[in-house]
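# Breakdown of the fold
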Amino acid sequence: MIYITRRESFNAAHKLSRTDWSEDKNTEVYGKCANPNWHGHNYQLYVTVKGEVNPETGFLVDLKWLKQIINLYVIDKVDHKNLNLDVDFMKDILASTENLAIAIWDILEPHIKESGAQLHCIKIYETENNFVEYFG
């Protein structure tokens, strides 16, 4: 079993808040992240796939193909967007990094599976100090 990871970057705004809570309750729970005027991050996305090396190509997956899949289905939809308002796969989902990682997994997993590899991990750095890892 071998693992390979592709890193992509994107910038996006979001706000952590629940519509069924008051502004005070959202601020109490989410602090500055509940700012009514949004806030943004320079995200780093790491997509790790695993499987066996193809003896003919010497690759687990072609990284050019993996980059294209990540960009087509994720980066093009989130980069310089508002996660709460602009991103179809985050509609009606609290825009936490945890939920974003799960949504990205759900989008990429079938495409990676079709290649004969397995999605192993989605890792998203929201800041240099905070990151989420999701293993499905």
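Here goes a summary of the coordinates provided. (Residues numbered from 1 in each chain as written. Predicted model: local features only at pLDDT ≥ 70, side-chain atom pairs only at ≥ 80, totals over all residues. Heavy atoms only, no water.)

## Some remarks on the nonpolar core
Put simply, the rule is: The definition of a nonpolar core used throughout is a set of buried Ala, Val, Leu, Ile, Met, Phe, Trp, Tyr and Cys residues joined through side-chain atoms within 4.5 Å. Throughout, exposure labels follow a simple rule: accessible area from a 1.4 Å probe, protein chains only, divided by the maximum for the residue type, with under 20% read as buried, over 50% as exposed, and the rest as partly exposed. The secondary structure listing takes helices from DSSP runs of H or I that are at least 4 residues long and strands from runs of E that are at least 2 residues long, numbered from the N terminus. Here, two residues are considered to be in contact whenever any of their heavy atoms come within 4.5 Å of each other.
Within the largest apolar cluster, 32 residues are counted, with the highest numbers of intra-cluster contacts made by Leu45, Phe89, Leu100, Ile104, Leu108 and Ile122. Mapped by element, the contributors of at least two residues to this core are β1 (2-14), β2 (39-51), α2 (63-78), α3 (97-114) and β4 (118-125). Excluding anything up to four places from it in sequence, Ile104 contacts Leu45, Val74, Phe89, Ile122 and Ile124.

## Concerning the packing of aromatic side chains
Let me state the cut-off plainly: In this scheme Phe, Tyr and Trp rings, the latter by its six-membered ring, pair at centre separations within 6.5 Å, and the angle between planes marks the pair as stacked below 30 degrees, edge-to-face above 60, and tilted otherwise. Remark: a charge is flagged as sitting over a ring if the NZ atom of Lys or the CZ atom of Arg is within 6 Å of the ring centre and within 35 degrees of the ring normal.
Taken as a whole and assessed by the stated rule, the structure comprises five aromatic pairs. Geometrically, the ring pair formed by Trp105 and Tyr134 is edge-to-face, given 5.5 Å between the ring centres and 85° between the ring planes. Taken as a pair, Trp105 in helix α3 and Tyr134 in strand β5 (residues 131-134) lie far apart in primary sequence, 29 residues in all. Here Trp105 falls in the buried class, since its relative accessible area comes to 11%. Here a set of aromatic residues connected by ring pairs shows up, and it is made of Tyr46, Tyr125 and Phe131. Directly above the ring of Tyr46 sits Lys123, whose terminal nitrogen or CZ lies 6.0 Å from the centroid. Positioned above the aromatic ring of Phe131, the side-chain terminus of Lys123 is 5.2 Å from the ring centre.

## Looking at the side chain of Lys15
To keep it simple, the criterion reads: A positive count includes Lys and Arg, and a negative count includes Asp and Glu. His and the chain ends are not counted in either. Each salt bridge in this description consists of a side-chain nitrogen of Lys or Arg and a carboxyl oxygen of Asp or Glu lying within 4 Å of one another.
Residue placement: Lys15 occurs in the loop between β1 and α1 (23-30). As a buried residue without a salt bridge, Lys15 has its nearest oppositely charged side chain in Glu23, at a separation of 7.9 Å. Discounting residues that sit within four places of it in the chain, Lys15 has contacts with Cys33, Ala34, Asn35, Pro36, Trp38, His39, Asn84 and Ala95.

## Concerning the sheet that holds β1
Heads up, the condition is: At least two DSSP bridges between two strands are needed for those strands to be called paired. Angles here are taken between N-to-C directions and fall from 0 to 180 degrees, while the axes themselves are lines fitted to C-alpha atoms, restricted in helices to the stretch in contact.
Spatially, five strands are ordered β3-β1-β2-β4-β5 in an open sheet, and the strand pairing comes out mixed. Looking at the sheet topology across the chains shown, the edges are occupied by β3 (81-82) and β5. Pairing of β2 with β4, which is carried by seven bridges, proceeds in the antiparallel orientation. Within the sheet, the bridge partner assigned to Val47 lies in β4 and is Ile122. Contacting β1, β2 and β3, α2 crosses the sheet at an angle of about 20° to β1.

## Regarding the environment of Glu126
Relative to the helices and strands, Glu126 is located in the loop between β4 and β5. Given a relative accessible area of 16%, Glu126 falls into the buried group. It is 5.0 Å that separates the C-alpha atoms of Glu126 and Tyr43, two residues lying 83 residues apart in sequence. If near-sequence neighbours (up to four positions away) are discounted, Glu126 is found in contact with His14, His41, Asn42, Tyr43 and Thr97.

## A look at the pairing of β5
Relative to β5, β4 runs antiparallel, the two being bridged by four bridges. Each bridged residue has a counterpart across the sheet, and for Lys123 the counterpart in β5 is Glu133. What sits between β4 and β5 in their antiparallel hairpin is a turn of five residues.

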